[in-house]
Amino acid sequence: MPLPRRLLVANRGEIAVRILRACRDLGIETVAVHAPVDAGAPHVCLADRALPLPGDSPAEGYLNRAALVEIASRCGAGAIHPGYGFLSENPSFAAACEAAGIAFVGPPASVLRMCGDKAEARAAVEAAGVPVLPGSGPVDDAEVRRAAEAVGFPLLIKAVGGGGGKGIHLVRSPDDLPGALRLARGEAQTAFGDPRVYLERWVERPRHVEVQVLADAHGGVVHLGERACSVQRRHQKLIEEAPAPGVSPRVREALLESAVRVARALRYRNAGTVEFLLDGDAFFFIEVNARLQVEHPVTEMITGTDIVAAQIAVAGGAPVPFSQEDVRPAGWAIECRISAEDPHGGFLPSLGRIDGVIEPQGPGIRVDSGFRTGCVVSRHYDPLLSKVVAWGRDRSEAIARMRRALAEYAISGVDTTIPFHRWAIEQPAFLRGTYDVRFAEDWDGAAPSQEAERLAAVAASAWLRRRAAAQPRDGHGAGPASRWIAVAREEGIR
Amino acid sequence: MNFEIRIRGQAQAAESGDGVLLEPLAGSECWTLVVAGRTVPVRVREQEGRLLVTIGADRVEVGVRRASASSSRGPSAQNGADRFEVRAPMPGLVVTVPVAAGEPVRAGSVVAIVEAMKMQMEVVSPAAGHVEEIRALPGQEVAGGQVMALIRVPASAPDEGAAR
């Protein structure tokens, strides 16, 4: 099946821009949609056509399934790319596209449903012979000890109806089990009105490794290697890299083979990510992310592929455009997510108008960005501004280039995660490639170095002097610039 | 203008002088600090009367206090009144001075018009009061920062300048 002539991008920000670029490369006409506040956003300006979404609410529009299908039909788009977030893993949206004769660039509704049900996916994966984290079903007081021995210590007691960390208790030894069980049941009853609990193996300091797969409607499944994503905060990834450091060839081979097995077991289609936890050399399936992922560029950089282009081809019914033998990873790639958050203030969102930006450039640097000078960072959307990806022939070259890129990157108007990244890539555990999911806990944004304090004092006094010189009237009345303009206009009238 | 700079409550010796430059880099907050021949990208953000200076991975909170009275204040405050100096915003030629000594002015009233590079710019009074003295005449060349007029303000008048 040929590529669509026209494609609608049902997203915003950096990922919408990324998808538009793939379409440009493929000669596909693009349609952007936007909420009122995004009227002049980069994804709108880059598309061939841009249409407003109905409604005044900033977030609602991008989630309006009926409106998106209607707009796509009206402007003759043969495909919709949902990006990530919003409707990307929504089975009924995928079904609505299909019903309207529009190719949904992602897995079919049945696969999205399966991947969204963690228990069902886990059972299918386990049946396919891929290790999952040892766990139990709901346990009663009489059988808990036997179930616990089967799961192994340390373990977690979790509420069946739970969420948000409530009712979770860590149990390190059999002696602690009865007390912890009593507490967990009580909390589960209070918080969720359901006293049922189950057990799950606790991994102390796991590493997060995931495998990119691409699958087509003809039974073809190809993996594009793995990514390491252990630099996280509150389960949000901050830095990703490919390949994964500190993984032996034997474990890597087993991971990649398992990921393909998972894709086949779930009858997966399009691009997806199979996530694993690594504990030493043991690994356990966690879940499948049934979408294009934020961190896909690191895989593109080492494999020389365009995952978005492959997604669009596969969605049109084509086989995966390359074979497993064609995938020959080369070099190393690292991605830092640049978000409008204050790393010195608990990573709280930083809102404001961006009044200046210098993006890094040069050899080995790719910046996927969805903002520009003049953009307002509002509370309505994800704080991700851009991604800096550094490629090198080896890991140390990639780190050196990332160091250079982060030093060049200047964003004025909001706080960003750049200072965190500058810290992270200098840490011994990161440089050695031995970091795990608790790495980011060591970030202490509160204690600046003496040298930084000395330079800050110099910068502050220079800044104050400069401002004093620029405001001779001590801040009263209009600034010089506005006066210039006013007088110049009057001169023109005369 | 003199400032007292404090980090973690401790006054800092403000290194200054010819070796220190702050060059604009991006927007209103990103600069290149040049100190003793070394260049450092910095971000300076003003927030609630303090400066947040980001250097590399570090952020330093800098407290700021005027070490002396505002420089645009006159040195004396006699008879319960206060004076503001109106300074030339740039070097140029004085085109007109539409006010005379003794006249009342409002905040924002034009005290003089200066011309440079074939463009004219208004120089305004920072506060309501009376013109105490005119120190620039039409046709005169003035230097940037040169005092062009003194405005006398009653002490009871709201003083917007003090908080800035």
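Residues numbered from 1 in each chain as written. Chains lettered and ligands numbered in written order. Predicted model: local features only at pLDDT ≥ 70, side-chain atom pairs only at ≥ 80, totals over all residues.

**Structural notes on the overall build of chain A**
- Looking only at helices and strands, chain A has 16 helices and 23 strands in total.
- Expected size for 494 residues packed as a compact globule is a radius of gyration near 23 Å; at 25 Å, chain A falls within 12% of this value.
- Expressed along its principal axes, the backbone C-alpha trace of chain A runs to roughly 95 × 60 × 50 Å.
- Burial analysis of chain A (494 residues in total) assigns 48% to the buried set.
- Considering only contacts within chain A whose residues lie at least 6 apart along the sequence, 66% involve residues at least 24 apart. (Helix = DSSP H or I, 4+ residues; strand = E, 2+ residues; numbered from the N terminus. Rg over C-alpha atoms; globule rule 2.2 N^0.38 Å. Buried ≥ 20, exposed ≤ 12 C-beta atoms within 10 Å, placed from the backbone. Contact = placed C-beta atoms within 7 Å.)

**Structural notes on the overall build of chain B**
- For chain B, the count of helices and strands is zero helices and 15 strands.
- Counting over 164 residues, chain B shows a buried share of 34%.
- Considering only residue pairs separated by 6 or more positions, chain B has 50% of its internal contacts joining residues 24 or more positions apart.

**Some details on the nonpolar core**
- Formed by 79 residues in total, the largest nonpolar core has its most connected members in Leu8(A), Val9(A) and Ile80(A).
- Judged by nonpolar contacts, the second largest core, of 66 residues, contains Ile334(A), Ala440(A), Ala456(A) and Val458(A). (Core = buried A, V, L, I, M, F, W, Y, C linked by C-beta atoms within 7 Å.)

**Brief notes about the packing of helix α4 (residues 91–99) of chain A against helix α5 (residues 109–116) of chain A**
Residues and elements named next belong to chain A.
- Look at α4 against α5: their axes get within 8 Å of each other, and the N-to-C directions meet at 175°. Considering their axes alone, α4 and α5 lie roughly antiparallel with respect to each other. On α5, the residues touching Pro 91, Ala 94, Ala 95 and Glu 98 of α4 are Ala 109, Leu 112 and Arg 113. (Axes fitted to C-alpha atoms, helices over the stretch in contact; angles between N-to-C directions. Parallel < 35°, antiparallel > 145°, perpendicular 65-115°, else oblique.)

**Some details on the confidence of the model for chain B**
Residues and elements named next belong to chain B.
- Averaged over chain B, the pLDDT score is 79; the fraction of residues at 70 or greater is 74%.
- When pLDDT is averaged over each element of chain B, strand β6 (residues 50–55) comes out on top at 96 and strand β12 (residues 119–124) at the bottom at 73.
- Here residues 157–164 scores under 50 on pLDDT; set against residues more than four positions off or in separate chains, the count is twelve contacts. (pLDDT = per-residue confidence, 0-100.)

**Some points on the sheet that holds strand β11 (residues 221–233) of chain A**
Residue and element names in this part refer to chain A.
- Ordered by their spatial adjacency, eight strands build an open sheet running β14-β13-β10-β11-β12-β15-β22-β20, and the pairing between neighbours is antiparallel. The sheet is open, and its two borders are formed by β14 (282–289) and β20 (365–369), each paired with just one other strand. For this sheet, the mean angle separating the axes of adjacent strands, direction not counted, is 25°.
- Along the sheet, helix α1 (residues 13–26) makes contact with β20 and β22 (384–392), crossing β22 at roughly 55°. (Pairing = 2+ DSSP bridges.)

**Some details on the pairing of strand β12 (residues 236–242) of chain A**
Residue and element names in this part refer to chain A.
- Of all seven residues making up β12, six are buried, and the element is well covered by its neighbours.
- Two elements, β11 and β12, share four bridges in a ladder whose sense is antiparallel. Bridge pairing links Gln 232 to Lys 237 in β12.
- Counted along the chain from β11 to the antiparallel partner β12, the turn is two residues long, and its residue Arg 234 has a positive phi close to 50°.
- Across four bridges, the pairing between β12 and strand β15 (residues 332–339) is antiparallel. Within the sheet, the bridge partner assigned to Ile 239 lies in β15 and is Cys 336.

**Things to note about the sheet that holds strand β5 (residues 103–104) of chain A**
All names here are of chain A.
- With respect to topology, five strands assemble into an open sheet ordered β3-β2-β1-β4-β5, the strand pairing being parallel. The open sheet has two edge strands with one neighbour each: β3 (49–52) and β5.
- Direction of pairing for strand β1 (residues 6–9) relative to strand β4 (residues 79–81): parallel, over a ladder of three bridges. Of the residues in β4, the one forming a bridge with Leu 7 is Ala 79.

**Quick word on the confidence of the model for chain A**
- When pLDDT is averaged along chain A, the result is 91; 94% of the residues meet or exceed 70.
- When the criterion is pLDDT under 50, residues 474–494 of chain A qualifies, and its contacts beyond four places in sequence or with other chains add up to 29 contacts.

**A few points about the environment of Ala66(A)**
- Secondary-structure assignment places Ala66(A) in helix α3 (residues 65–74).
- Separated by 31 residues in the primary sequence, Ala66(A) and Cys97(A) place their C-alpha atoms 9.3 Å from one another.

**Quick word on unusual backbone geometry**
- The omega angle of the peptide bond from Phe153(A) to Pro154(A) is -5°, so this bond is cis rather than trans.
- Its place among the elements puts Pro154(A) in the loop between α7 (144–151) and β7 (155–159).
- With a phi close to 50°, Glu48(B) is a non-glycine residue in the positive phi region.
- If you trace the backbone, Glu48(B) turns up in the loop between β5 (38–47) and β6.

**Thoughts on helix α11 (residues 307–315) of chain A**
- By the criterion of burial, α11(A) is predominantly enclosed, with eight of the nine residues buried.
- In the stretch just after α11(A), Gly317(A) is the one whose phi turns positive, near 105°.

**A short note on the environment of Glu23(B)**
- Residue placement: Glu23(B) occurs in strand β3 (residues 20–26).
- For the pair formed by Glu23(B) and Arg152(B), sequence separation is 129 residues and the distance between their alpha carbons is 36 Å.

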